[in-house]
Amino acid sequence: MCGRRNGIVRWTRADRLDLFPLMSFVEYGDVIQEGDTAIVFLGHDSMFPVKVQRGGQTQTRYGALRHSADLIGKHYGSKVTCSKGGWVYVLHPTPELWTLNLPHRTQILYATDIATITMMLELKPGSVVCESGTGSGSLSHAILRTIAPTGHLYTVEFHQQRAEKAMEEFREHKVGHLVTVLNQDVCREGFGVTGVADAVFLDIPSPWEAIGHAKAAIKKQGGRVCSFSPCIEQVQRTCQALAEHGFGEVSTLEVLLRLYDVRSVTLPLPDFGDEAGGPGGGAPSAQNATMTCKTAVAPKEMAGHTGYLTFATKSLV
């Protein structure tokens, strides 16, 4: 119910929930609400997630953020002043931001490999995907946004505590209805489904032992499988298993990312003397003249190998 006092319309929490969409990693919510996961942005190299709680408080180097006064009810993207006078931005969570800020329970995949995986597996809204292992959930969140609102992810995690934590995060991020988390050994017990998946992703130590289960999970009319492995010996055994199970279009690739630093530089202009130009002479040139321009500077060092991505297609025969 909404009430009016002194000409001011006041909304109850129930009204606000109806008026403003809830935060979700697959849908955008305008207003920060209690229970949301928000990203506190101090700079491109300094940000962290916070679970918004009424009465809660979060410390930053610019001072404290009081959840009730500084966060709840504010629009995502707002510039918020901290207790010491400094300010931060509060951003809506996305899979990209979550990948940069999530608590690491395992090694994770980053945006470069994730983008290639979602494209090469031909994922789209409504796709059904099987994944193992869940790990820290970096790829899982990206898959869920891609297949929402009608798709489903079946993700298998061998480690019980990691599986439980992943399910808890999926519920907090309002995507629990799109995912089923199984705590089991995918190499022995499979994905828990048969003939429904459009795509399967494997990120486990011995993916060749799960190829048979991947084939069983994929729909009868064909689908795609991807395996991520850091070592070429794993790739060799996986490719052999894919061939033995009748997969075609087997290919392996490695994605290397080189980031350039775009910056302003000041360069000296050449001095051709007072008589520059043709026979008719020219304008005198100023000494020590400079020009400022934007340029892209290559890094002295770059991150190299992350892992090999092996893709294959289930035969229609």
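Scroll up to find the structure this text is about.
Scope of this entry: the structure provided in the associated data block. (Residues numbered from 1 in each chain as written. Predicted model: local features only at pLDDT ≥ 70, side-chain atom pairs only at ≥ 80, totals over all residues. Heavy atoms only, no water.)

### Things to note about the sheet that holds strand S3 (residues 37–43)
Just so we agree on the cut-off: Criterion used throughout: strands pair if DSSP finds at least two bridges between them. In this text, helices come from DSSP runs of H or I with a minimum length of four residues, and strands from runs of E with a minimum of two, each type numbered from the N-terminal end. For helices, the fitted line uses only the C-alpha atoms of the stretch in contact; every axis is such a line through C-alpha atoms, and the angle between N-to-C directions lies from 0 to 180 degrees.
Across the sheet, which stays open at both edges, the four strands sit in the order S4-S3-S8-S7 with antiparallel pairing between neighbours. Strand pairing shows two members of the sheet lacking a second neighbour, strand S4 (46–51) and strand S7 (79–81), which therefore form its edges. Along the sheet, successive strands turn relative to each other by an average axial angle of 35°, direction set aside.

### Focus on the pairing of strand S11 (residues 179–182)
Two faces belong to every sheet, and in a regular strand the side chains alternate between them. Counted only if it meets this: The buried label applies to any residue whose accessible area, calculated with a 1.4 Å probe on protein chains only, is under 20% of its type's maximum; exposed applies above 50%, and partly exposed to all values in between. By the criterion used throughout, a crossover qualifies as right-handed when its path from the first strand across the helix to the second strand runs clockwise, the strands pointing away from the viewer.
Burial of S11 is one-sided: the residues Val-179 and Val-181 facing one way are buried, the residues Thr-180 and Leu-182 facing the other way are not. Here strand S10 (residues 152–156) pairs with S11 via four bridges, running parallel. Residue pairing in the sheet places Tyr-154 in a bridge with Thr-180 of S11. The β-α-β motif built from S10, the intervening helix H6 (residues 160–172) and the parallel element S11 has right-handed crossover chirality.

### With respect to the environment of Ser-127
Here is the rule we go by: Working rule for contacts: check all heavy atoms of both residues, and any pair within 4.5 Å makes them a contact. Polar contact is defined as a pair of N or O atoms within 3.5 Å, subject to the rule that within protein one atom must be able to donate a hydrogen and the other to accept it, and that residues adjacent in sequence are counted only when both atoms are side-chain atoms.
In this fold, Ser-127 is placed in the loop between helix H4 (111–120) and strand S9 (128–132). Sequence spacing of Ser-127 and Leu-153 is 26 residues, and the spatial spacing of their C-alpha atoms is 8.4 Å. Not counting residues up to four positions away in its chain, the partners in contact with Ser-127 are Glu-122, Ile-147, Gly-151, His-152 and Asp-198. Engagement of the side chain of Ser-127 in a polar contact is seen with the backbone oxygen of Lys-124, the distance being 3.0 Å.

### Observations concerning the nonpolar core
Within soluble globular proteins, side chains that are nonpolar generally end up buried alongside one another. Note the following rule: We call a set of buried residues a nonpolar core when its members are Ala, Val, Leu, Ile, Met, Phe, Trp, Tyr or Cys and they connect through side-chain atoms within 4.5 Å of each other.
In this structure, Ile-117, Leu-121, Leu-144, Phe-170 and Phe-201 are the most contacted members of the largest nonpolar core, which totals 47 residues. Here this core takes five residues from helix H5 (residues 138–147), the largest share from any one element. Not counting the four nearest positions on each side in its chain, Phe-170 is found in contact with Thr-134, Ser-140, His-141, Leu-144, Thr-155, Val-175, Gly-176, Val-179 and Val-181. Core analysis: the next-biggest nonpolar cluster, separate from the first, contains 21 residues, Phe-191, Val-200, Ile-218 and Val-225 among them.

### Describing H5
In terms of residue burial, H5 counts as a mostly covered element, since eight of its ten residues are buried. Burial in H5 covers these residues: Ser-138, Leu-139, Ser-140, His-141, Ala-142, Ile-143, Leu-144 and Ile-147.

### Focus on the sheet that holds S10
Ordered in space as S11-S10-S9-S12-S13-S17-S14, the seven strands form an open sheet in which the pairing is mixed. Of all strands in the sheet, those bounded by a partner on one side alone are S11 and strand S14 (247–253). Shown here is a sheet whose adjacent strand axes are inclined to one another by a mean of 15°, direction ignored. Bridge count between strand S13 (residues 224–229) and strand S17 (residues 308–314): six bridges; the pairing is antiparallel. By the bridge assignment, Val-225 is partnered in S17 with Ala-312. Contacts between H6 and the sheet are confined to S10 and S11, with S11 contributing the most and set at about 165° to the helix.

### Quick notes on the packing of aromatic side chains
Which entries qualify depends on this criterion: To pair, rings of Phe, Tyr and Trp, with the six-membered ring standing in for Trp, must have centres within 6.5 Å; the planes then decide the type, stacked if under 30 degrees apart, edge-to-face if over 60, and tilted in the middle. Whether a charge sits over a ring depends on NZ of Lys or CZ of Arg being within 6 Å of the ring centre and within 35 degrees of the ring normal.
Scanning the entire structure with this criterion turns up three aromatic pairs. Residues Phe-25 and Trp-98 carry aromatic rings whose centres are separated by 5.8 Å and whose planes lie at 90° to one another, so their mutual orientation is edge-to-face. Taken as a pair, Phe-25 in the loop between helix H1 (13–19) and S3 and Trp-98 in helix H3 (residues 95–101) lie far apart in primary sequence, 73 residues in all. Residue classification places Phe-25 among the buried positions, given a relative accessible area of 3%. Residue classification places Trp-98 among the buried residues on the basis of a relative accessible area of 5%. On the numbers, 5.4 Å between centres and 75° between planes, the contact of Trp-87 with Tyr-89 is edge-to-face. We classify Trp-87 as partly exposed; its relative accessible area is 41%. According to the relative accessible area criterion, Tyr-89 is partly exposed, its value standing at 31%. For Lys-79, the ring lying beneath its charged end belongs to Trp-87, and the centroid distance is 4.0 Å.

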